[in-house]
Each structure stands twice: as structure tokens, then as C-alpha cells.
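Okay, here's what each chain looks like letter by letter:
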Amino acid sequence: YQKPEEVRLFGSRIVNESQRMLTLIDTIMHLSKIEETETTITWKTVSVDSLVRYAADLISPQADAKHVKVHVDTDPLYTYGNAALLSELIMNLLDNAVKYRKPDGELRLKIRTWNEANKLHISIEDNGIGIKKENLKKIFDKFYRVHTGNLHDVKGFGLGLAYVKKIIADHKGTIRAESELNVGTKFIIVLPLFKDEE
């Protein structure tokens, strides 16, 4: 027997996930044109704190089922861009962390945002399987996928991080990855910081 509040919570998550999938379909259609033409998707002031918390909430059912602990430490910071694209890149990085977790033990995911030198910084850090140094240079290349040995449940076409990098470049930002094999991976995104004119 499910309690009414649990039913409402799961119902809300189903609705949110359905909306995210519709947004993803729309985003993919726009991404297919990004390299050829100027995009016409809506750009506005975006609360990155809200995007991060929304993404963490969406991933929580998957995280709970797979013994993943998500810690969010965000400042109320803004950038100028497309909320759907920025949301997808955060979800992509979170999904990757869950996919590439160690088979045993608890995965810890830490998401932070902060202002450094008048730039918006976002970091997504995990204690997963990590990436070899020679592979780290290639992870943002199209169709490149790190060999995962016996991790047969990791599926995809190797497009995720290439699109993440493209979205960030279109937002006049940068991304880099730090990783150590069997220790974990940290992605650091730097975006222009939006400030109200005073």
C-alpha cells in the first residue's frame, strides 16, 4: 500500500520526467542544427542553482535505487543562456556518473556552484571508476567512448560529452575534466556570470 504523499511525489516525478523527455527531443532536434545554422531557441537569464537542484531531484529515484548519495552545495547564481540545454548538460554529467560507478560500494556525487573571478563555476564530482590519463584527452570527441571492460550495462553512442562541450561553447564557457583511475572524476564548467545592472 502506497501512502497518498508517496503517490503524489512519484506522480510529480513522472510528470517532470515526461516533460524533460519532451524537452530532450526538442533539444536534440536543435542540436542537430547547431553546427550548421544559428539556433533560434530561447535564451534568457537562467538560475543555475534552480537547474542543479531540479536535476538532482530528477535523478534521485535512480540514485536511491543504485545506492548513490547526491550532495548539492549551490550559490544563487545566474548566467545568460538556454535553460533546456543547460539542464540537459547537467543531467548528462549526472547520468554518466551513475553509469560509470564502481560495481560495489556507495557512489557519492557532489554538485557545487560558486563565483570565482566573476565567472560562474559548476563542478560535478564523483568517486566512480575514474578515467585513465590517456583517455581523458579524448572524452569530448564525438563517438569516443571509454572502454569499460565488464561494465556491460553502459550503453550509448559516445555523443553525450561532445554535445556537452558544444552547448558550453555556445554559452561562451569552458569545461575540463580531472580524473584518477579507481578514485573518481570531476568536471568543472565555467560560464559567464550574469549580474543585474545596478
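Residues numbered from 1 in each chain as written. Predicted model: local features only at pLDDT ≥ 70, side-chain atom pairs only at ≥ 80, totals over all residues. Heavy atoms only, no water.

> Give me the packing of aromatic side chains: which residues, what numbers.
Under the definition given, this model contains two aromatic pairs. When the ring of Trp43 is compared with that of Tyr80, the centres are 6.4 Å apart and the planes differ by 45 degrees; the resulting orientation is tilted. One end of the pair, Trp43, is in the loop between helix 1 (4–34) and strand 1 (44–47); the other, Tyr80, is in strand 3 (residues 78–81), with 37 residues separating them in the sequence. Overall, the relative accessible area of 25% leaves Trp43 in the partly exposed class. (Phe/Tyr/Trp six-rings, centres within 6.5 Å; stacked < 30°, edge-to-face > 60°. Helix = DSSP H or I, 4+ residues; strand = E, 2+ residues; numbered from the N terminus. Buried < 20%, exposed > 50% of the residue type's maximum accessible area, 1.4 Å probe, protein only.)

> So, the environment of Glu106: which residues are in play, and what are the values?
As for its position among the elements, Glu106 is in the loop between helix 3 (83–99) and strand 4 (107–116). Separated by 37 residues in the primary sequence, Glu106 and Lys69 have C-alpha atoms spaced 7.3 Å apart.

> Got a sec to walk through the side chain of Thr113? Specific residues and values, please.
Assignment of secondary structure puts Thr113 in strand 4. A polar contact of 2.9 Å, which involves the side chain of Thr113, links it to the backbone nitrogen of Asp75. Each residue touching Thr113, except ones within four places of it in the same chain, is listed here: Val48, Val52, Asp73, Thr74, Asp75, Leu77, His121 and Ile122. (Polar contact = N/O pair within 3.5 Å; in protein donor to acceptor, adjacent residues only side chain to side chain. Contact = heavy atoms within 4.5 Å.)

> Residues and numbers for helix 2 (residues 48–65), please.
Relative to the 26 Å expected for 18 residues at 1.5 Å per residue, helix 2 spans 26 Å between its end C-alpha atoms, a close match to the ideal helical length. Along its length, helix 2 shows its largest kink, about 45 degrees, at Ile59, and proline Pro61 lies within four residues downstream of that point. Positive phi shows up at His67, right after helix 2, with a value of about 55 degrees. (Expected span 1.5 Å × (residues − 1). Bend = angle between axes of the 7 residues up to and from the residue.)

> Go over the nonpolar core with me, naming the residues and quoting the values.
One finds Leu89 and Leu94 to be the most contacted residues of the largest nonpolar core, which totals 41 residues. Of all the elements in the fold, those that place two or more residues in this core are helix 2, strand 2 (68–73), helix 3, strand 4, strand 5 (119–126), helix 5 (160–170), strand 6 (174–180) and strand 7 (184–192). Ranked by the residues each element gives to this core, the list is headed by helix 3, at nine residues. Ignoring any residue separated from it by four or fewer positions in sequence, one finds Leu89 in contact with Val164, Ile167, Ile168 and Ile189. (Core = buried A, V, L, I, M, F, W, Y, C linked by side-chain atoms within 4.5 Å.)

> Any chance you could break down the pattern of salt bridges for me, citing the residues and the numbers?
Taken as a whole and judged by the stated rule, the model has four salt bridges. Arg13 is paired through a salt bridge with Asp57; the nearest N and O atoms lie 3.6 Å apart. Of this pair, Arg13 sits in helix 1 while Asp57 sits in helix 2, placing them 44 residues apart in sequence. Under the relative-accessibility criterion, Arg13 is labelled buried at 17%. The class for Asp57 is partly exposed, based on a relative accessible area of 32%. The partner of Asp49 in a salt bridge is Arg53, and the shortest N-O contact between them spans 3.1 Å. Of this pair, Asp49 and Arg53 both sit in helix 2, separated by four residues, roughly a single helical turn. For Asp49, a relative accessible area of 17% corresponds to the buried category. (Salt bridge = Lys/Arg side-chain N within 4 Å of Asp/Glu carboxyl O.)

> Quick one: what's the story with unusual backbone geometry, residue by residue and with numbers?
You will see that Ala117, though not glycine, has its phi angle at about 55 degrees, which is positive. Tracing the backbone shows Ala117 in the loop between strand 4 and strand 5. The exposure class assigned to Ala117 is exposed, which follows from its relative accessible area of 72%. Within the chain, Asn118 stands out as a residue other than glycine whose phi angle is a positive 60 degrees. With respect to the secondary-structure elements, Asn118 resides in the loop between strand 4 and strand 5. Residue classification places Asn118 among the partly exposed residues on the basis of a relative accessible area of 49%.

> Please give an account of the packing of helix 3 against helix 5 that cites residues and values.
Between two packed helices, the angle of one axis relative to the other and the distance separating the axes together describe the packing. Running from N to C, helix 3 and helix 5 point in directions that differ by 145 degrees, and their axes come no closer than 10 Å. Here the hand of the crossing between helix 3 and helix 5 comes out left-handed. Judged by residue contacts, Leu85, Leu89, Asn92, Leu93 and Asn96 of helix 3 engage Gly160, Leu161, Val164, Ile167 and Ile168 from helix 5. When its residues are assigned to classes, the contact of helix 3 with helix 5 shows seven nonpolar, three polar and no charged. (Axes fitted to C-alpha atoms, helices over the stretch in contact; angles between N-to-C directions. Left-handed = near helix turned anticlockwise from the far one by under 90°. Nonpolar A, V, L, I, M, F, W, Y, C, P; charged D, E, K, R; others polar.)

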